[in-house]
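# Fold and contact review
Spelled out from the first residue to the last, the chains are:
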Amino acid sequence: MKLYEKAPAKINLMLDVLHKRPDGYHEVEMIMTMVDLADRLTISELAGDTIKISSQAGYIPLDEKNLAYQAARKVKEKYHIRQGVHIHIDKKIPVAAGLAGGSSDAAAALRGLDRLWNLHIPHEDMMELGASIGSDVPFCITGGTALATGRGEILTPLQSPPDCWVILAKPPINVSTANVYGRLQADRIAYHPSATNMRAALEQHSFEQICSELGNVLEDVTLSHYPEVRQLKQAMIQLGADGVLMSGSGPTVFGLVSKESKVARIYNGLRGFCHEVYAVRMLT
């Protein structure tokens, strides 16, 4: 038997860091939503008590470093499953890009294994399993649009943004989330984006207001260390995207575009800066 799960990418409409916590994590306030760029997982049983990860992409780990592998191991341990499983990841989301590709794969693996083995895992337990793998995994389990607080695992569902085009562009570099947070001086952040204002913009379904409230305190760190990201953001603004922001810790920059007539020009213009450019829809 084979099961299929879709693992969409996320973007941050706003990301604020309030302070560093005693446990070493940062207290965050983020509003995230999903876009229609997705990995696809094929999940099937294997003989023996093994976990096998495969992918057409040659640049992702296929061992215990893979978050989908970790998800399978945790499910097997918690529910005493002795059956083997093969998870094939058809990789479309760029890696180490600020789009939660690995976290979304883990979330899809949890959902798929719950179905494969008829576990009927309670929602709270699945969210707890997800949080033990990574801070973005709980959001990727639920999807939609949400305010994330704590270290990212406490979620409040929000109104989805109005449908629009999202242009994603990733320069040919990888950025470590841990390194970006390590360089962030939370007590010296000059400007904090407002979750309250972004939430109001979503409730009013105002595309213009959403664009004006975009903000990410990690941008200053990443842009200062990776000039390619700064150049990419400036190019996207100059090409006419309505709202432009770096997602997560980067290096992917996204542009929100309301008019389809602009999409091809922005997409083609960005291809001069990097090869990984995607024009997708918001998942609403």
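Bear in mind that the values here come from a model prediction, so they are computed numbers and not experimental data.

What counts, and at which threshold
- Per chain, the residues get numbers from 1 upward, laid out in the order the sequence is written.
- Only residues with pLDDT of at least 70 are given local features in this predicted model, and only at 80 or more are side-chain atom pairs given and counted; all residues enter the totals for whole chains, interfaces and linings.
- Neither water nor hydrogens contribute to the side-chain values; these are computed over all heavy atoms in the structure.
- Pairs were defined over the aromatic rings of Phe, Tyr and Trp, the Trp ring being its six-membered one, requiring ring centres within 6.5 Å. Orientation was assigned from the angle between planes: stacked under 30 degrees, edge-to-face over 60, tilted for the rest.
- Here, over-ring charges are defined by two tests on the NZ atom of lysine or the CZ atom of arginine: distance to the ring centre within 6 Å, and angle to the ring normal within 35 degrees.
- In this description, strands pair whenever DSSP reports at least two bridges between them.
- A run of DSSP states H or I qualifies as a helix once it reaches four residues; a run of E qualifies as a strand once it reaches two. Both are numbered from the N-terminal end.
- Helix axes use the C-alpha atoms of the stretch in contact, all axes being lines fitted to C-alpha atoms, and the angles between their N-to-C directions lie in the range 0 to 180 degrees.
- We define a salt bridge as a side-chain nitrogen of Lys or Arg found within 4 Å of a carboxyl oxygen belonging to Asp or Glu.
- Using a 1.4 Å probe on the protein chains alone, a residue whose accessible area is under 20% of its type maximum counts as buried, one over 50% counts as exposed, and one in between counts as partly exposed.
- Each helix crossing is assigned a hand: it is left-handed if the near helix lies turned anticlockwise from the far helix by less than a right angle, otherwise right-handed if that turn is clockwise.
- Two residues qualify as a contact provided that any one of their heavy atoms is within 4.5 Å of a heavy atom in the partner residue.
- Think of it as three bins: nonpolar holds Ala, Val, Leu, Ile, Met, Phe, Trp, Tyr, Cys and Pro, charged holds Asp, Glu, Lys and Arg, and polar takes everything else, Gly as well.
- Throughout this description, a polar contact denotes any pair of N or O atoms lying within 3.5 Å of each other; where both atoms belong to protein, one of them has to be capable of donating a hydrogen while the other can accept it, and for residues adjacent in sequence the pair is counted only when both atoms sit in side chains.

## Some points on the packing of aromatic side chains
Considering all chains together, one arrives at zero aromatic pairs under this definition. A cation over a ring is seen here: Arg 151 above Tyr 25, with NZ or CZ 4.7 Å from the ring centre. Above the face of the Trp 165 ring, Arg 281 is positioned so that its terminal group lies 4.5 Å from the ring centre.

## Overview of the sheet that holds strand β11 (residues 276-281)
Strands sit in the order β9-β10-β7-β11 across an open sheet of four strands; the sheet is antiparallel. Looking along the sheet, the strands with just one partner apiece sit at the ends: β9 (243-246) and β11. The average undirected angle you get between the axes of adjacent strands in this sheet is 20°. In terms of strand pairing, strand β7 (residues 165-170) meets β11 through six bridges, oriented antiparallel.

## Brief notes about the pattern of salt bridges
Tallied over the full model, the rule gives 14 salt bridges. Linking Asp 36 and Lys 6 is a salt bridge whose minimum nitrogen-to-oxygen distance equals 3.1 Å. Separated by 30 residues along the polypeptide, Asp 36 in strand β2 (residues 26-46) and Lys 6 in strand β1 (residues 2-20) bring together distant segments of the chain. You can call Asp 36 partly exposed: its relative accessible area is 34%.

## What to know about unusual backbone geometry
Both trends apply: most residues other than glycine have a negative phi, and most peptide bonds are in trans. At the junction of Gly 250 and Pro 251, the peptide bond is cis and its omega measures out at 5° in the coordinates. On the secondary structure map, Pro 251 appears in the loop between β9 and β10 (253-257). Phi is positive for Ala 96, close to 50°, though the residue is something other than glycine. Positionally, Ala 96 belongs in the loop between β4 (84-90) and α2 (101-116).

## Looking at the packing of helix α1 (residues 67-78) against α2
α2 packs onto α1 with a crossing angle of 30° between their chain directions and a minimal axis gap of 7 Å. Relative to α2, the crossing made by α1 is right-handed. Judged by residue contacts, Leu 67, Ala 68, Ala 71, Ala 72 and Val 75 of α1 engage Gly 102, Ser 103, Asp 105, Ala 106, Ala 109, Leu 110 and Leu 113 from α2. Grouping the constituent residues of the contact of α1 with α2 by class yields nine nonpolar, two polar and one charged.

## Some words on the side chain of Asn 66
With respect to the helices and strands, Asn 66 occurs in the loop between β3 (51-55) and α1. Here Asn 66 falls in the buried class, since its relative accessible area comes to 6%. Within the structure, Asn 66 has its side chain in polar contact with the backbone oxygen of Pro 61 (distance 2.9 Å). Each residue touching Asn 66, except ones within four places of it in the same chain, is listed here: Ile 53, Ile 60, Pro 61 and Ile 89.

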